[in-house]
Amino acid sequence: NVGVAICWDQWFPEAARAMALQGADILLYPTAIGSEPQDPTLDSSDHWQRVMQGHSAANMIPVLASNRQGNEVLLHPDGSEKQRIRFYGRSFITDATGALVAHADTPNSAEKPYTILTSTIDPEANRSMRMYWGLFRDRRPDLYQVLLTKDGKQQ
């Protein structure tokens, strides 16, 4: 069972937990993330990766994150450049503890336009490990009602 979330969803741990609780054996995050429009010098790639490794570790489930790579130039109607975005690639796969088992480097030339990553997972072993750790058994959903709000206060 594959749990799939889109690019922006990867920032929210609730989405990963929901997919894991619903029986996902691996989480797949196809993303298109790179330089930030408000600050092209900001590189969020390490943060992006650590967030998803955390989802993996917190749910004891492998994560596969595929990220777009390359450059995109957005133009104004007159043809002048409006914005330039650099998608940094760095796709990766984790094991069920969040450890990296395969990863692609940031592309630095057109000579290597893509990387294919593979890994073998054992869903049954991962389910057993999750059960022994008690991550889902020992949850306290009665304390998490605040997650149903956007500001932690109003319902």
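Before any of the text, the structure's been laid out above.
Thresholds, definitions, all that
- Residues numbered from 1 in each chain as written.
- Predicted model: local features only at pLDDT ≥ 70, side-chain atom pairs only at ≥ 80, totals over all residues.
- Heavy atoms only, no water.
- Pairing = 2+ DSSP bridges.
- Helix = DSSP H or I, 4+ residues; strand = E, 2+ residues; numbered from the N terminus.
- Right-handed = clockwise from strand over helix to strand, strands pointing away.
- Core = buried A, V, L, I, M, F, W, Y, C linked by side-chain atoms within 4.5 Å.
- Buried < 20%, exposed > 50% of the residue type's maximum accessible area, 1.4 Å probe, protein only.
- Contact = heavy atoms within 4.5 Å.
- 1 Å grid on protein atoms, 1.4 Å probe; cavity = no way out; pocket = protein on both sides within 12 Å on 5 of 7 lines; lining within 4 Å.
- Points joined across faces, edges and corners; volume = space filled by probe spheres on them.
- Nonpolar A, V, L, I, M, F, W, Y, C, P; charged D, E, K, R; others polar.
- Axes fitted to C-alpha atoms, helices over the stretch in contact; angles between N-to-C directions.

1. Observations concerning the pairing of strand E2 (residues 26-31)
Step number 1: For strand E1 (residues 2-4) and E2, the ladder comprises three bridges, and the chain directions are parallel. The partner of Val4 across the bridge, within E2, is Leu28.
Step number 2: Each parallel crossover has a hand, and the one from E1 via helix H1 (residues 13-21) to E2 is right-handed.
Step number 3: Bridge analysis of E2 against strand E3 (residues 63-67) gives five bridges, and the strand direction is parallel. The residue of E3 that forms the bridge with Tyr29 is Ala65.

2. Some details on the nonpolar core
Step number 1: With 15 residues, the main nonpolar core has Met19, Leu27, Tyr29, Trp48, Met52, Val63 and Phe92 as its most contacted residues.
Step number 2: Examining the composition of this core, we find that three residues originate from one element, H1, more than from any other.
Step number 3: Ignoring any residue separated from it by four or fewer positions in sequence, one finds Phe92 in contact with Trp48, Gln49, Met52, Gln53, Val63, Leu64, Ala65, Leu100, Ala102, His103 and Leu117.

3. Here we look at the layout of surface pockets
Step number 1: Reported here for the largest pocket is a volume of approximately 290 Å³.
Step number 2: Looking at the largest pocket, it is lined by 15 residues, and the ones nearest its centre are Glu14, Arg17, Arg139, Tyr144 and Leu147.
Step number 3: Listed by contribution, the elements that provide at least two residues to the lining of the largest pocket are H1 and helix H2 (45-59).
Step number 4: A per-element tally of the lining of the largest pocket places H1 first, with five residues.
Step number 5: Counted by class, the lining of the largest pocket contains eight nonpolar, four polar and three charged residues.
Step number 6: The volume enclosed by the second largest pocket comes to roughly 210 Å³.

4. Considering the sheet that holds strand E6 (residues 92-94)
Step number 1: Taken in spatial order, the five strands make up an open sheet running E1-E2-E3-E6-E7, and their pairing is mixed. Only two strands of the sheet have a single neighbouring strand rather than two, namely E1 and strand E7 (100-103). Between one strand axis and the next, the sheet turns through 15° on average, direction left out of account.
Step number 2: Relative to E2, H1 is tilted by about 140°, and along the sheet it contacts E1 and E2.

5. Section: the pairing of strand E5 (residues 81-88)
Step number 1: Pairing of strand E4 (residues 69-75) with E5, which is carried by seven bridges, proceeds in the antiparallel orientation. In the strand pairing of E5, Gly70 is matched with Phe87.

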